[in-house]
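Listed below are the residues making up each chain.
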Amino acid sequence: MNQFQKAISLIDEINAQDPTKEIFEGKEYAKELLYSLRMTEKLADFEPNCSEAMMLAVRAQHIGRWKIPRTDYPMDRVGYLTWREELKKMHADMAAEILEKSGYDQEIIDRTKFLIRKKQLKTDPDTQTMEDVICLVFLEYYFEEFATKHENEKVIDILQKTWAKMSEKGHRAALQLPLSPSSLQLVKEAIT
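Here's what I pulled together on the structure shown here.

**Let's talk about helix H1 (residues 3-15)**
- Relative to the 18 Å expected for 13 residues at 1.5 Å per residue, H1 spans 18 Å between its end C-alpha atoms, a close match to the ideal helical length.
- Restricting attention to buried positions, one finds in H1 the residues Ala7, Ile8, Ile11, Asp12, Ile14 and Asn15. Seen along its axis, H1 keeps its buried residues to an arc of 160 degrees; they face one direction.

**Some words on the side chain of Glu131**
- Topologically, Glu131 is positioned in helix H6 (residues 125-148).
- Not counting residues up to four positions away in its chain, the partners in contact with Glu131 are Lys118, Leu121 and Lys165.

**Overview of the nonpolar core**
- Ranked by size, the top nonpolar core spans 53 residues in total, and within it Met130, Phe143 and Leu159 carry the most contacts.
- Listed by contribution, the elements that provide at least two residues to this core are H1, helix H2 (31-46), helix H3 (52-60), helix H4 (77-101), helix H5 (106-116), H6, helix H7 (152-165) and helix H9 (181-191).
- With eleven residues, H6 is the largest single contributor of residues to this core.
- Excluding residues within four positions of it along the chain, Met130 makes contact with Met54, Ala57, Val58, Gln61, Leu115 and Ile116.

**Some thoughts on the packing of aromatic side chains**
- Applying the stated criterion across every chain yields a total of five aromatic pairs.
- Ring centres of Tyr35 and Tyr142 lie 6.0 Å apart, and the angle between their planes is 50 degrees; on these two criteria the pair is classed as tilted. With Tyr35 in helix H2 and Tyr142 in helix H6, this pair connects stretches of sequence that are 107 residues apart. Across the pair, exposure class does not vary: Tyr35 and Tyr142 are buried alike.
- The interplanar angle of 70 degrees and the centroid separation of 5.9 Å between the aromatic rings of Phe138 and Phe146 together place this pair among those described as edge-to-face.
- On the basis of relative accessibility, which here comes to 22%, the residue Phe138 falls in the partly exposed class.

**Focus: unusual backbone geometry**
- With a phi close to 50 degrees, Glu25 is a non-glycine residue in the positive phi region.
- Its place among the elements puts Glu25 in the loop between strand E1 (21-24) and strand E2 (27-30).
- Using a relative accessible area of 73% as the deciding quantity, one classes Glu25 as exposed.
- Positive phi, normally seen in glycine, also occurs at Lys118, with a value near 55 degrees.
- Mapping Lys118 onto the fold places it in the loop between H5 and H6.

**A look at the pairing of E1**
- Here E1 runs beside E2; their pairing, made up of four bridges, is antiparallel. Its bridge partner lying in E2, Ile23 is registered against Glu28.
- The antiparallel pairing of E1 with E2 creates a hairpin that spans two residues between the two strands, and Glu25 there sits at a positive phi of about 50 degrees.

**Notes on H9**
- Residues Ser183, Leu186, Val187 and Ala190 constitute the buried set of H9. Projected down its long axis, H9 carries its buried residues within an arc of 100 degrees, all on one side.
- Each element contacted by the buried residues of H9 is listed here: H6 and H7.

Basis of the calculations
Residues numbered from 1 in each chain as written. Predicted model: local features only at pLDDT ≥ 70, side-chain atom pairs only at ≥ 80, totals over all residues. Heavy atoms only, no water. Helix = DSSP H or I, 4+ residues; strand = E, 2+ residues; numbered from the N terminus. Expected span 1.5 Å × (residues − 1). Buried < 20%, exposed > 50% of the residue type's maximum accessible area, 1.4 Å probe, protein only. Arc of directions from axis to C-beta. Contact = heavy atoms within 4.5 Å. Core = buried A, V, L, I, M, F, W, Y, C linked by side-chain atoms within 4.5 Å. Phe/Tyr/Trp six-rings, centres within 6.5 Å; stacked < 30°, edge-to-face > 60°. Pairing = 2+ DSSP bridges.

Structure, rendered in structure tokens:
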């Protein structure tokens, strides 16, 4: 097993411990393991010639996410943003520990942490690719359920914020996703 395979295996091992389960295509998955598999698959489609650090960052982007529950923070915008920052730091630190154990040098470790923390969005091409992949996975796999739980006004606001974070390439890919007619209609309302 090479260092990449070892790192992926260790990331998956942690994400397989997520107590929240999800059924996909008749099979039960730990929620964050399924998310990381979807992220890896989407990255391979969207940017097949990406760096190894990018592949590692995408796989570890939500590593151990359940360990810091949203309910531990105030249920307001500041609480949400604080929670998200704490998560990014934890994900980056957990990934760094795994990469070190797997034999990676400091340059790859630092770059992977940088990408997980989503530093320099809009100016760093790899960070932008990471954000595009995150948004595409959300739109393809999680948006439909999200939309059913919220008023259209809030859904459109979230879509507009998501769209603003994406690149032109991400926009083109999003419009090619297999969205339901109702989801596609909401996307069109949000972006026009």
